[in-house]
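Topology and contacts: notes
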Amino acid sequence: MQTTPEFDFRNTVSDHRLVGLWRMLTGFRLAYLGAVVGVGLAAVLKTGTYLLLRYFVDDVLGQSGLGRTVPLIALGFVGLALLQGGFTFLSGKLAAQTAEGITRRLRNYLFDHIQRLPFTYHDQTQTGELIQRATSDVDAVRRFFADQAIGVGQIILLFVVNLAAVVSLNRQLALLSILIMPLVLVMSVFFFKKVSAAYEAYQEQEAVVSTTLQENLTGVRVVKAFARQSWERDKFEQHNWEQFQRGRQLLVMHSLYWPISDILCGAQMLGGFLAAALMAINGDISVGTYLAYHGLVIWLIWPIRNLGRLIVHMSTGLVSYGRVLELVREAQEPLTEGSHIPTGDVQGEIVFDRVCFEYDGEESKVLKSVSFRCEPGQVVALLGSTGSGKTTLVNLLPRFYDYTGGSVTLDGVELTAYPRRFLRQQIGIVEQEPFLFSRTIRENMTYGVGRDVSDEEVEAAARSAAIHDVVLAFPDGYQTLVGEKGVTLSGGQKQRVAIARTLLKDPRILILDDATSSVDLETEGVIRGALERLMQGRTSFVIAHRIQSVMNADLILVLDRGQIVQRGTHPELLAQEGMYRRIYEMQARVEDELEWELGDIQLAEDLPDVMEGETVYVGLAV
Ligand code: ADP
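Now for a description of the structure that goes with this document. (Residues numbered from 1 in each chain as written. Predicted model: local features only at pLDDT ≥ 70, side-chain atom pairs only at ≥ 80, totals over all residues. Heavy atoms only, no water.)

**Description of the nonpolar core**
Counting 43 residues, the largest nonpolar core has M445, I499, L512, L534, I556 and Y580 as the members making the most contacts within it. When residues of this core are traced back to their parent elements, those giving at least two are strand 3 (379-384), helix 13 (441-445), helix 14 (455-464), helix 16 (491-505), strand 7 (509-513), helix 17 (521-535), strand 9 (555-560) and helix 19 (579-603). It is helix 16 that contributes the most residues to this core, six residues altogether. Look past the residues within four positions of L534 in its chain and what remains in contact with it is V430, I499, T502, L503, L510 and L512. (Core = buried A, V, L, I, M, F, W, Y, C linked by side-chain atoms within 4.5 Å. Buried < 20%, exposed > 50% of the residue type's maximum accessible area, 1.4 Å probe, protein only. Helix = DSSP H or I, 4+ residues; strand = E, 2+ residues; numbered from the N terminus. Contact = heavy atoms within 4.5 Å.)

**Concerning unusual backbone geometry**
Even without being a glycine, D411 presents a positive backbone phi close to 50°. With respect to the secondary-structure elements, D411 resides in the loop between strand 4 (405-410) and strand 5 (413-414). Given a relative accessible area of 26%, D411 falls into the partly exposed group.

**Looking at the sheet that holds strand 2 (residues 367-374)**
Here we have four strands laid out as an open sheet, ordered 2-1-4-5, and antiparallel in their pairing. The open sheet has two edge strands with one neighbour each: strand 2 and strand 5. In this sheet, strand 2 lies alongside strand 1 (residues 350-357) in antiparallel orientation, the contact comprising five bridges. When the bridges of strand 2 are listed, V355 appears paired with V370. (Pairing = 2+ DSSP bridges.)

**Concerning the site of the ligand**
Inspection of the region around the ligand gives D123, Y359, V366, S385, T386, G387, S388, G389, K390, T391, T392 and Y401 as its neighbouring residues. One of the backbone nitrogen or oxygen atoms of S388 is found 3.2 Å away from an oxygen atom of the ligand. Bound to the protein, the ligand loses 63% of the 560 Å² it would expose on its own. (Near = heavy atom within 4 Å. Polar contact = N/O pair within 3.5 Å; in protein donor to acceptor, adjacent residues only side chain to side chain. Areas by Shrake-Rupley, 256 points an atom, 1.4 Å probe, with all protein chains shown as cover.)

**Quick look at helix 5 (residues 127-169)**
Between its first and last C-alpha, helix 5 extends 60 Å over 43 residues, near the 63 Å set by a 1.5 Å rise per residue. The largest bend along helix 5 measures about 40° and falls at F144. (Expected span 1.5 Å × (residues − 1). Bend = angle between axes of the 7 residues up to and from the residue.)

**Details of helix 14**
Looking at helix 14, one finds that the buried residues are V458, A461, A462 and S464. The buried residues of helix 14 occupy an angular sector of 160° when the element is viewed end-on, so they sit on one face. Among the exposed residues of helix 14, those oriented more than 90 degrees off its buried face are E456 and R463. Of the residues flanking the end of helix 14, it is A466, one or two places downstream, whose phi is positive at about 60°. (Arc of directions from axis to C-beta.)

**Quick word on the side chain of Q205**
Note on placement: Q205 falls in helix 7 (residues 181-218). Relative accessible area serves as the criterion here: at 6%, Q205 is assigned to the buried category. There is a polar contact of 2.9 Å between the side chain of Q205 and the backbone oxygen of H239. Every residue in contact with Q205, bar those within four places of it in the chain, is listed here: H239, E242, Q243 and R246.

**Side note on the packing of aromatic side chains**
Applying the stated criterion to the full structure yields 19 aromatic pairs. Look at W299 and W302: their rings are 5.7 Å apart centre to centre, the planes differ by 45°, and that puts the pair in the tilted class. In this pair, W299 and W302 both sit in helix 10 (residues 287-329), three residues apart, roughly one turn of the helix. Connected via pairs of aromatic rings, a cluster forms that spans F119, F357, Y359, F400 and Y401. We note R29 situated over the ring of W22; from NZ or CZ to the ring centre the distance is 4.4 Å. Its end group placed over the ring of W231, R228 keeps NZ or CZ at 4.5 Å from the ring centre. (Phe/Tyr/Trp six-rings, centres within 6.5 Å; stacked < 30°, edge-to-face > 60°. Lys NZ or Arg CZ within 6 Å of the ring centre and 35° of its normal.)

Spelled out as structure tokens, the structure:
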């Protein structure tokens, strides 16, 4: 595979779309020029055929010694046709190469660009919209380069060459043959505007449809679990109907343009034929000139007619180019910006001082004056109801978002002074539902480690994460594919793979979204053990959902609506009146009841109807 050289599309951005498109041609301009010259030469050769015809009829036919001249002229016709075909092929090949090359480079760039955009951008943009821009819109840009831009060159050359040829035949005729042109141009510009607007609306709606499809695929389990298929189908149908309407509008625009332009061009051609025939009858022009004109005028009208078509089609390429450009203009998250990179190891002392945060475009503060201190190697547990700001708080550490007030320091240095890339290398994250790629287990474990890892290391990490035996039970061991095309891992297994991955990365700071509440008791014990091994000697932030997960923490922060309402260790907090004790008592009561009920169920001879064949979840939202 050949890789594309680095090309920063941000450098092509210009307020004038044509300038921007010209800049995008960097590196392909020679080939593109070759393509334009190719179509030009093919046009000249085609015109030459008609001029040869005229010469043949007027100057050769009727003369003596035809036997020698006719084969030569026949050869001339064949030669011209061959050359014309050759140049057409060459220009087509060069144009396709250029267009495919530019779009390949553009797709590669967009892929990388999108993954470098900040979280704030991704929060506000739907995935389907991004996919639409990186595929369908890029394809419209490809068509622009492959067909439309080359087509314009071809049309202009054909027009100029044929007009010159017709002028050389007869000036009056030439003038008569292009009377219609201004009208066609005005009409094209009118349709250009209409089609641009209709196409933009169509592309926007297509993005909505692909977002709906993508969400449905991602959330297929939820859809099935809630039996919402009919509702989802109706929603999709509604969006699809809207796209159908917009598509129809776009087609109506196109189909309105064609008959009008055909009538105009047909009338122009007939007028030309009539005038030329009358002139030939009156003896103003020769029969050869009439015949040549007959052929040439078709190739004079063709560009006029097609210029309109191209202008209308170009509007789609330009609209798509504009949509791609909007994406290119988005500022990437600077990964290396920041002056402070410590010489030694990071210690992991973290201090929050009156930290405030609100999401982009949101009025209300999600974190309100949060202050706490955490020594290297300590475990900080965050407890609080859903939406209290726990995730937001830990997301500030790798600078997924930057705090909007107060200060956060790592080893005494402001967090914003560290380059994002450096910070992220120091931080390991185990999410509640870790995402695994559709690759092998080994590849998932070594993902982002940033160095060659030996099999022994991988196995040691897997053992420590209590996943080694599970992996060995698969026929392909560590080479087993996971995800859509491979085995499906349970939530607890995925978590342990993520723990092994983090162990291999060996970061100084950990962020753990403790998900032990969603697995069975045995797995919970296994995961808890793995997490404890992972946390040893690292500063750790644990988003806790159950009191058991926080009991050993050095500092427990109880959050409520973005504020720390209680802080301390487990015994300290139990001794106080407040939210922590209420949560503790509530959880203890529910667990007691659960135990009692389970005992009851085991004693009962017949399970109640409702239990048959159903899974009963007992959940607790803290
Ligand atoms: P927790 O992790 O405690 O459940 P979060 O930190 O996820 O809480 O959310 C805190 C608040 O911030 C909630 O009100 C939530 O709606 C809001 N929030 C979370 N993420 C975003 C986001 N990307 N954009 C805007 N608001 C958000």
